[in-house]
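# Chains, contacts and geometry: an overview
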Amino acid sequence: RGLVAPRSGSIDVRRAPPAPAGARVGRFDQDATVESDEEDDRFAAALAIGDFDNDGVRDIAIGAPGESVSNDVSTGAATILYGSAPPFGAGGSLVLDQDTPGVPGANETDDEFGSSLAAGDFDGDGGDDLAIGVPLEDIGSGFQDGMVIIAYGDPNGVNRLDRFIAIDLVDA
């Protein structure tokens, strides 16, 4: 591993009691996923905890609103880092952006996908869902109107890429 790029971001995962106070499980940055650290990614600008694969182990959703995808600067991304029995993070990851099949919209410069995240069972089916804020999304001919994308989970988890819905803030 090389040096971490400035403002790229990382998170520390610590064990909950009764583990020794402050016992760190690990530090994770984008090198722990399929992405790589880049300057100004702002990985971990937003976090949400849920059981996104419905295996009984908590997972972490991590926003990187400054992530550049292809030639789109600060289009943003969100990564689900799946929890697992020790070591945490051995469960793999899923990276979402607006070029991911099924995700509404398209990557555009400065969308900042992943600026905010929230977890919960928004549709009442028993599976955790993930809400992803895209505050600078352009809607129609508008400019930086904003959007929330919900990745609906089900009893099998947020792993089916055909269960997304967009709520634009212009019509909400």
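Above: the structure in question.
### Focus on the overall build of the protein chain
Per the secondary structure count, the protein chain includes zero helices and ten strands. Along the protein chain, helices (α) and strands (β) appear in the sequence β-β-β-β-β-β-β-β-β-β when read from the amino end. Here the protein chain holds 172 residues, and the buried ones make up 45% of them. In the protein chain, 45% of the contacts between residues at least 6 apart in sequence involve partners at least 24 apart. Here the protein chain displays about 8,300 Å² of accessible surface, and carbon together with sulfur accounts for 51% of that area.

### Details of the environment of Leu47
Locating Leu47 in the fold gives a position in strand β3 (residues 46-50). Judged by its relative accessible area of 46%, Leu47 falls in the partly exposed class. On a C-alpha basis, the gap between Leu47 and Ile60 in space is 6.9 Å, while along the polypeptide they are 13 residues apart.

### Notes on the sheet that holds strand β10 (residues 164-168)
Either a parallel or an antiparallel arrangement is found when strands of a sheet pair, and the pairing is made through backbone hydrogen bonds. Judged by pairing direction, the sheet is antiparallel, and its four strands sit side by side in the order β7-β8-β9-β10 without closing on themselves. Lying at the two open borders of the sheet, with one neighbouring strand each, are β7 (117-120) and β10. Neighbour to neighbour, the strand axes of the sheet diverge by 20° on average, direction disregarded. As paired strands, strand β8 (residues 129-134) and strand β9 (residues 147-151) are joined by five bridges and run antiparallel to one another.

### Focus on the pairing of β8
For β8, a buried count of six out of six residues is recorded, marking the element as mostly surrounded by other parts of the structure. Residues Asp129, Ala131 and Gly133 of β8 are buried on one face, and the alternating residues Leu130, Ile132 and Val134, pointing to the opposite face, are buried as well.

### Some points on the sheet that holds strand β4 (residues 59-64)
Pairing within the open sheet is antiparallel, and its four strands lie in the order β3-β4-β5-β6. Edge strands, defined here as strands with exactly one partner in the open sheet, are β3 and β6 (93-96). Adjacent strand axes in the sheet meet at a mean angle of 15° when their direction is disregarded. Relative to β6, strand β5 (residues 77-81) runs antiparallel, the two sharing four bridges. Opposite Ile80, over in β6, you have Leu94 as the bridge partner.

### Overview of unusual backbone geometry
Not every positive phi belongs to a glycine, and Asn54 is a case in point at roughly 55°. Note on placement: Asn54 falls in the loop between β3 and β4. The phi dihedral of Gln144 is positive, around 50°, even though this residue is not glycine. Looking at the element boundaries, Gln144 is found in the loop between β8 and β9. The class for Gln144 is partly exposed, based on a relative accessible area of 35%.

### Let's talk about the side chain of Ser74
Residue position: Ser74 is located in the loop between β4 and β5. The exposure class assigned to Ser74 is buried, which follows from its relative accessible area of 13%. Ignoring any residue separated from it by four or fewer positions in sequence, one finds Ser74 in contact with Pro65, Gly66, Glu67, Ser68, Asp110, Asp111 and Glu112.

### Points about the nonpolar core
Phe52, Phe113, Leu117, Leu130, Ile132 and Ile149 are the most contacted members of the largest nonpolar core, which has 20 residues in total. Sorting the residues of this core by element identifies β3, β5, β8 and β9 as the ones contributing at least two each. One finds Ala44, Ile60, Ile62 and Leu81 within the second-largest nonpolar core, a separate group that totals six residues.

Parameters at a glance
- Counting restarts for each chain, with residues numbered from 1 along the sequence as it is written.
- Note on the predicted model: pLDDT of at least 70 is required for a residue's local features to be given, and 80 or more for side-chain atom pairs to be given and counted; whole-chain, interface and lining totals, by contrast, use all residues.
- Computation of side-chain values covers all heavy atoms of the structure but excludes hydrogens and water.
- Working definition: helices are DSSP H or I runs of at least four residues, strands are E runs of at least two. Numbering for both runs from the N terminus.
- Remark: exposure states derive from per-residue accessible area (1.4 Å probe, protein chains only) relative to the maximum for the residue type, with buried under 20%, exposed over 50%, and partly exposed in between.
- In what follows, residue pairs with any heavy atoms lying within 4.5 Å of each other are defined as contacts.
- Here the open area of atoms and residues is found with the Shrake-Rupley method and a 1.4 Å probe, where only the protein chains shown may cover a residue.
- In this scheme, strands are said to pair when DSSP sees at least two bridges between them.
- Each axis is a line fitted through C-alpha atoms, and for a helix only the stretch in contact is used; angles between axes span 0 to 180 degrees, taken between their N-to-C directions.
- Take the buried Ala, Val, Leu, Ile, Met, Phe, Trp, Tyr and Cys residues and link them wherever side-chain atoms come within 4.5 Å; each set so joined is a nonpolar core.

Spatial relationships are all this shows, so hold off on functional conclusions.
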